[in-house]
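Topology and contacts: notes
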Amino acid sequence: MLNLISLKEFIINTKKDFSYPIDDLVSILTHIEQAAKSISNDIRNAGLAEHVLGTKGSQNIQGEEQQKLDVIADLVFIKAFENSGLICGFASEENDDFIAFKSDAGKNAPYIALFDPLDGSSNIDVNVSIGTIFSVYKRISPLGSEAIIDDMLQEGSKQILAGYILYGSSTMLVFTTGNGVNGFTLDTNKGNFYLSHPNMLMPENGRLYAMNEGNIKECEIGLRDYITYCQSRENQTGMPYSGRYVGSLVADFHRNLIKGGIYIYPDVLSAPKGKLRLLYECNPLAFIAEQAGGLASTGRKRVLEIKPEELHQRVPYYVGSKQMVEKAMSFLKN
Ligand code: FDP
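This is a predicted model, so every value here is computed, not measured.

**A word on the packing of helix H6 (residues 221–230) against helix H9 (residues 322–331)**
- Where H6 meets H9, the closest approach of the two axes is 8 Å, and the angle between their N-to-C directions is 135 degrees. One element, H6, and the other, H9, form an angle in the oblique class. Of the two elements, H6 crosses H9, and the hand of that crossing is right-handed. In contact with Gly222, Asp225, Tyr226 and Tyr229 of H6, H9 contributes Met324, Lys327, Ala328 and Phe331.

Written out as structure tokens, the structure is:
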């Protein structure tokens, strides 16, 4: 039996790497861990419980149909944080506006959290991998007051913690605090996450590309040329790359993190600014990608440098192995 290191042991052992109070990091991750276990449990038993599968009959602010599990996961995270004394404000793609926790514990909390509670929700009902994406920032409003919109609209480069939970063939928690990336697997018998993927590094190059190619005719010419290059023998492997698209960003990202590859969601006619949300999806995974040696770009600009203008802002997204993202960018016209 391996000598397993639990999530908590790992954080305490590496506390020198975190520039904020270590107790805060342990507590925030413990809250996320507890919530993730509860959501993972709901997902694993989804087909057997009436309240879990299917649509909720409502839409989020972006006009997307909400699944029951989207709403359940959102509430689980809000509840986890509202009286934690750690998080003063919470925003997610499921709510129109951010939530400022109004209790004394909320007003005196030093951090804010941004969540995509359940990413890849169109895969929920068909038993395909889905995920949660999160990021944490230090608040900029004064302690003792309610969180404000400026707390939420910070550049991704200011994240102090970002990660995801992948509800795949096993449940994994992967995160960074700015000192590399580590992955933990949920031991369902013990109910704990243990270090399974230490110091994750994304291969510099790869032969997998992930994109919804149904949109290819609606993309700019440079991207069409890049996909043709991927499918040709002109690339560094001398063989066509393999197309792999789960349609759950977390799952596609995780595979590329381990095997090398690129994920692309460009601006298309039906989504002129791209589909993915800067705050809840692109920034956290960009932080992880860069910490693992990869890159994240809009195709023209480093994602982590964008100053957000609104909560639900979308951007085109190219993320993955460094050389693949650079190559894709070289095909795009300025
Ligand atoms: P979903 O709409 O199912 O929640 O941003 C969300 C996302 O999934 C990503 O996880 C996924 O990569 C992408 O959208 C899928 O979009 P398409 O169906 O347009 O390919």
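**Description of the packing of helix H2 (residues 22–44) against helix H3 (residues 68–82)**
- Put simply, H2 and H3 touch, their axes get as near as 9 Å, and they point 155 degrees apart. The orientation of H2 with respect to H3, classified from their angle, is roughly antiparallel. Here H2 runs over H3; the crossing is right-handed. Contact residues: H2 offers Ile28, His31, Ile32, Ala35, Ser38, Ile39, Asp42 and Ile43, while H3 offers Leu69, Ile72, Ala73, Val76, Phe77, Ala80 and Phe81.
- When grouped by side-chain class, the residues that make up the contact of H2 with H3 number 12 nonpolar, two polar and one charged.

**Some points on the site of the ligand**
- Contacts to the ligand come from 15 residues, most closely from Ser122, Tyr245, Tyr263, Tyr265 and Lys275.
- Contacts to the ligand include lysine 275, whose side-chain N or O atom sits 2.8 Å from an oxygen atom.
- Computed on the free molecule, the ligand has an accessible area of 470 Å², of which 84% lies beneath the protein chains in the complex.
- Classifying every residue of the shell around the ligand by side-chain character gives five nonpolar, six polar and four charged.

About the cut-offs
Residues numbered from 1 in each chain as written. Predicted model: local features only at pLDDT ≥ 70, side-chain atom pairs only at ≥ 80, totals over all residues. Heavy atoms only, no water. Axes fitted to C-alpha atoms, helices over the stretch in contact; angles between N-to-C directions. Helix = DSSP H or I, 4+ residues; strand = E, 2+ residues; numbered from the N terminus. Parallel < 35°, antiparallel > 145°, perpendicular 65-115°, else oblique. Left-handed = near helix turned anticlockwise from the far one by under 90°. Contact = heavy atoms within 4.5 Å. Nonpolar A, V, L, I, M, F, W, Y, C, P; charged D, E, K, R; others polar. Near = heavy atom within 4 Å. Polar contact = N/O pair within 3.5 Å; in protein donor to acceptor, adjacent residues only side chain to side chain. Areas by Shrake-Rupley, 256 points an atom, 1.4 Å probe, with all protein chains shown as cover.

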